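# Reading the structure
Listed here are the chains, written in short residue letters.
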Amino acid sequence: MEMSREKLCASKADGSSDSAYHCSACHGDEEWGSTSRGRAKSRSLSASPALGSTKEFRRTRSLHGPCPVTTFGPKACMLQNPKTIMHIQDPASQRLTWNKPPKSVLVIKKIRDASLLQPFKELCMYLTEENNMIVYVEKKVLEDPAIANDENFGPVKKKFCTFREDYDDISNQIDFIICLGGDGTLLYASSLFQGSVPPVMAFHLGSLGFLTPFNFENFQSQVTQVIEGNAALVLRSRLKVKVVKEHREKTTVQNGIEENGVVSANLEKEVCKQIMQYQVLNEVVVDRGPSSYLSNVDVFLDGHLITTVQGDG
């Protein structure tokens, strides 16, 4: 099993704004301060101008920290702060912006929770009727009798786009995500996107709320701020997990002679590998499944062997 790190974006509404921010993903090259395209001229950190000289030194590229264009889903990205030193962004200043106005939203609702029916209906009506958004909902959510038999909710339900987990790929169709429930809804939303994850708004309507910072009482104003790109960002790390399973199969031998006519001195076993890859938030659990034998697990991190575990659980 091999693991490495990726990033997941979670957004939290914030009424403040800063005109000094600029999005390099939206406008091509970087623009800092009053300069035009390209990197801004500034004095070198390691040298000063000679005496009597008024010429400014351009900061060398080797002194710049990494400045990646961070995107989340098809339209969301992070505003770059020109005030940061060496282009290393302060986590407290990370802001959401949009390459294009968001049009589609995925609403994740905790299944079999009657207390979430009314918030779910209010949110979906607000998104479709007042914001003209395209709402994606899991097909099994709409199978709830309280939703299926609600005649007043019928016109709103007809506007939904539905999908089925493990069958339909919606990774390039969702601009941002809204979760209703506890931390489990956010973890589930992350699992649906094995590549870039759109911004996630997680409303605290469940038993736990470590990852769900939003309260539902004033959801209208908070959703509007996110749609308008006026929200702070919190980045969370994800694990990229690669599970390699080895299956040993016996070669076919009859009377000591293999199928190709070669005499076999011993019964060698062929090794077949099955590779599965996932991106997960929080943790990964490896289970032996229906096998009744001991399992040997070699754990690698970034290509380096960490430990070997043997167990039957």
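Note that the coordinates shown come from a computational prediction; the quantities given were computed from them, not determined experimentally. (Residues numbered from 1 in each chain as written. Predicted model: local features only at pLDDT ≥ 70, side-chain atom pairs only at ≥ 80, totals over all residues. Heavy atoms only, no water.)

## Observations concerning the confidence of the model for the chain
Taken over all residues, the pLDDT of the chain has a mean of 75, while the share at 70 or more is 65%. Averaged over each element, pLDDT in the chain is lowest for helix 1 (residues 24-27) (48) and highest for strand 5 (residues 104-109) (95). Between residues 15-22, whose pLDDT stays under 50, and residues either more than four places distant or in other chains, the model counts 21 contacts. Predicted confidence for residues 27-54 stays below pLDDT 50, and this span has 46 contacts to residues more than four positions away or in other chains. (pLDDT = per-residue confidence, 0-100. Helix = DSSP H or I, 4+ residues; strand = E, 2+ residues; numbered from the N terminus. Contact = heavy atoms within 4.5 Å.)

## Looking at the side chain of K109
Within the element layout of this structure, K109 appears in strand 5. Comment: no salt bridge for buried K109; closest opposite-charge side chain is D144, at 4.6 Å. What K109 contacts, discounting residues up to four positions off in sequence, is L116, L117, F120, V141 and L180. (Buried < 20%, exposed > 50% of the residue type's maximum accessible area, 1.4 Å probe, protein only. Lys, Arg positive; Asp, Glu negative; His and termini not counted. Salt bridge = Lys/Arg side-chain N within 4 Å of Asp/Glu carboxyl O.)

## So, helix 6 (residues 219-227)
Every buried residue belonging to helix 6 is among F219, Q222, V223, V226 and I227, and all of these are buried. Down the axis, helix 6 shows its buried residues gathered within 140 degrees of arc, on one side only. Looking one or two residues past helix 6, G229 carries a phi angle of roughly 80 degrees, positive in sign. (Arc of directions from axis to C-beta.)

## Thoughts on the nonpolar core
Among the nonpolar cores identified, the biggest contains 35 residues, and F120, L123, L127, F160, I178, F203 and V223 are the most heavily contacted of them. Counting residues per element, this core draws most heavily on helix 2 (residues 117-130), which supplies six residues. Dropping the residues within four chain positions of it, L127 is found in contact with V105, V107, N132, M133, V135, I178 and V223. C179, L192, F193 and V197 belong to the second largest nonpolar core, which has 18 residues in total. (Core = buried A, V, L, I, M, F, W, Y, C linked by side-chain atoms within 4.5 Å.)

## Here we look at the pairing of strand 3 (residues 76-79)
When strand 2 (residues 71-72) meets strand 3, the two strands line up antiparallel, connected through two bridges. Residue pairing across strands places F72 opposite A76, the latter belonging to strand 3. The hairpin turn running from strand 2 into strand 3, its antiparallel successor, is three residues long, and G73 in that turn takes a positive phi close to 75 degrees. Of the pairings in the sheet, the one linking strand 3 to strand 4 (residues 95-98) comprises four bridges and is antiparallel in character. Residue pairing in the sheet places L79 in a bridge with R95 of strand 4. (Pairing = 2+ DSSP bridges.)

## Things to note about the packing of aromatic side chains
All told, the structure shown has eight aromatic pairs when counted by the stated rule. Centroid distance F216 to F219: 4.5 Å. Interplanar angle 10 degrees. Geometry classified as stacked. Three or more aromatic residues joined by ring pairs form one cluster here, namely Y126, F203, F214, F216 and F219. Above the face of the Y167 ring, R164 is positioned so that its terminal group lies 4.7 Å from the ring centre. (Phe/Tyr/Trp six-rings, centres within 6.5 Å; stacked < 30°, edge-to-face > 60°. Lys NZ or Arg CZ within 6 Å of the ring centre and 35° of its normal.)

## Observations concerning the pairing of strand 14 (residues 295-301)
Pairing analysis gives seven bridges linking strand 14 to strand 15 (residues 304-311), with the strands arranged antiparallel. Bridged to F300 within strand 15 is L305. Where strand 14 folds back on strand 15, the antiparallel hairpin that results is connected by two residues, among which D302 adopts a positive phi of roughly 55 degrees.

## Looking at the side chain of T185
Tracing the sequence through the fold places T185 in helix 5 (residues 183-192). When near neighbours in sequence (up to four residues on either side) are disregarded, T185 contacts I108, K110, C179 and L180.

## Points about unusual backbone geometry
Not every positive phi belongs to a glycine, and R112 is a case in point at roughly 60 degrees. With respect to the element layout, R112 can be found in the loop between strand 5 and helix 2. Residue R112 is classed as exposed on the basis of its relative accessible area, which comes to 77%. Positive phi values are uncommon outside glycine, yet N282 reaches one of about 90 degrees. By the secondary structure assignment, N282 is in the loop between strand 13 (269-281) and strand 14.

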